[in-house]
Amino acid sequence: GQQLNQSPQSMFIQEGEDVSMNCTSSSIFNTWLWYKQEPGEGPVLLIALYKAGELTSNGRLTAQFGITRKDSFLNISASIPSDVGIYFCAGMSRGRLQFYFGTGTSLTVIP
Amino acid sequence: EPEVTQTPSHQVTQMGQEVILRCVPISNHLYFYWYRQILGQKVEFLVSFYNNEISEKSEIFDDQFSVERPDGSNFTLKIRSTKLEDSAMYFCASGDGLNEKLFFGSGTQLSVL
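Residues numbered from 1 in each chain as written. Chains lettered and ligands numbered in written order. Predicted model: local features only at pLDDT ≥ 70, side-chain atom pairs only at ≥ 80, totals over all residues. Heavy atoms only, no water.

### What to know about the interface of chain B and chain A
It is common to give the size of an interface as the accessible area that goes away when the parts come together. Rules: Contacts: residue pairs with any heavy atoms within 4.5 Å of one another. Accessible surface is computed with a 1.4 Å probe, and the buried area is the amount of it that two parts give up when combined, taken over both parts together. By definition here, a salt bridge exists when the distance from a side-chain nitrogen of Lys or Arg to a carboxyl oxygen of Asp or Glu is within 4 Å. Any pair of N or O atoms that falls within 3.5 Å is considered a polar contact. Within protein, one atom must be able to donate a hydrogen and the other to accept it, and sequence-neighbouring residues count only if both atoms are side-chain atoms. Elements are defined by DSSP. Helices are runs of H or I of four residues or more, strands are runs of E of two residues or more, and each kind is numbered from the N terminus. By the convention adopted, Pro, Cys, Tyr, Trp, Phe, Met, Ile, Leu, Val and Ala count as nonpolar, Lys, Arg, Asp and Glu as charged, and the other residues, Gly among them, as polar.
In this complex, chain B contributes 23 residues to the contact, which on the side of chain A involves 23 residues. Interface area lost by chain B to chain A is led by Lys42, Glu56 and Glu100 of chain B, which between them contribute 32%. Summed over the shared surface of chain B and chain A, the number is zero salt bridges. Remark: the boundary between chain B and chain A carries four residue pairs in polar contact (both at pLDDT 80 or more). Every element with two or more residues in the side of chain B that touches chain A is listed here: β4 (31-37), β5 (44-50), β6 (53-57), β9 (88-95) and β10 (103-104) of chain B. No other element matches β4 of chain B, which puts four residues into the side of chain B that touches chain A. Here the residues of the side of chain B that touches chain A are counted per class, giving 11 nonpolar, seven polar and five charged.

Here you go:
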């Protein structure tokens, strides 16, 4: 299957700090999705990206579709304790009906 | 807000037994998926389903697995003869195919003993 690597693997930050994480693929994708997963729950969709270079925000979250179409980035500004969780990217190629998931970035916010 | 619902939330079974995991996708969605997540690992694609047939499946989705949409609302995953390594959280997801967003249920935690 497709390899999607996320970095960093884990982050420990102070409340109020900004967070940046990224996702890189060995293949070109036409859609990127970013999810947050909390323990024992399913992934919750945060942001969807459809075009190379696209920058989309959802509250304190901003994600970008990389211009090479092989990467995507997620930023969280002014982190708060409830941002804790694992963040996954997911990519899909045109004409395919499966999303490939990244390896995840675990975020811990220290109050 | 419409959501994907999965039952049961937990399933414990003996190795070799058959299990059926149930999902009710969001009502106007046309594309249905099963994913699984082994504890601490990433979410892995199993199968996608559209127009009453399998569209794509991964190498994990072998002959022991099957999916069915028995009526207009349910979408099921059957594991015919469970193995220890089938223990995982199984997620159902659905999408409307228009905006390529995928919405997940809360999952069924399957434990094979």
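Here the narrative resumes, following the displayed structure.
### Points about the sheet that holds strand β3 (residues 19-24) of chain B
Residue and element names in this part refer to chain B. To keep things clear, this is the line we draw: At least two bridges found by DSSP between two strands is the condition for calling them paired. Axis angles are defined between N-to-C directions and span 0 to 180 degrees, where every axis is a line fitted to C-alpha atoms and, for a helix, only to the segment in contact.
The sheet built from four strands is open, its strands ordered β1-β3-β8-β7 with antiparallel pairing. Because the sheet does not close on itself, it has two edges, and the strands there are β1 (5-7) and β7 (65-68). Each strand axis lies, on average, 20 degrees off the axis of its neighbour in the sheet, ignoring direction. Looking at chain direction, β7 and strand β8 (residues 75-79) are connected through four bridges and run antiparallel. Note that in β8 the partner of valine 67 across the bridge is leucine 77.

### Section: the state of the cysteines
The cut-off we apply is this: Put simply, a disulfide is two cysteine sulfurs that come within 2.5 Å. Accessible area is worked out with a 1.4 Å probe on protein chains only. A residue is then buried under 20% of its type maximum, exposed over 50%, and partly exposed in between.
Taken as a whole and judged by the stated rule, the model has two disulfides over all chains. The disulfide partner of cysteine 23 of chain A is cysteine 89 of chain A, and the gap between their sulfur atoms is 1.9 Å. Across the S-S bond of cysteine 23 of chain A and cysteine 89 of chain A the torsion is about 50 degrees, and the bridge reads as right-handed. On the criterion of sequence distance, the pair formed by cysteine 23 of chain A in strand β3 (residues 19-25) and cysteine 89 of chain A in strand β9 (residues 85-92) is long-range, its members being 66 residues apart. An identical accessibility class is assigned to cysteine 23 of chain A and cysteine 89 of chain A; each is buried. What pairs with cysteine 23 of chain B in a disulfide is cysteine 92 of chain B, and their sulfur atoms sit 1.9 Å apart. Sign of the S-S torsion, about -65 degrees for the bond between cysteine 23 of chain B and cysteine 92 of chain B, identifies this disulfide as left-handed. Taken together, the residues cysteine 23 of chain B in strand β3 and cysteine 92 of chain B in strand β9 connect sequence positions 69 residues apart.

Just distances and angles here, no functional claims.
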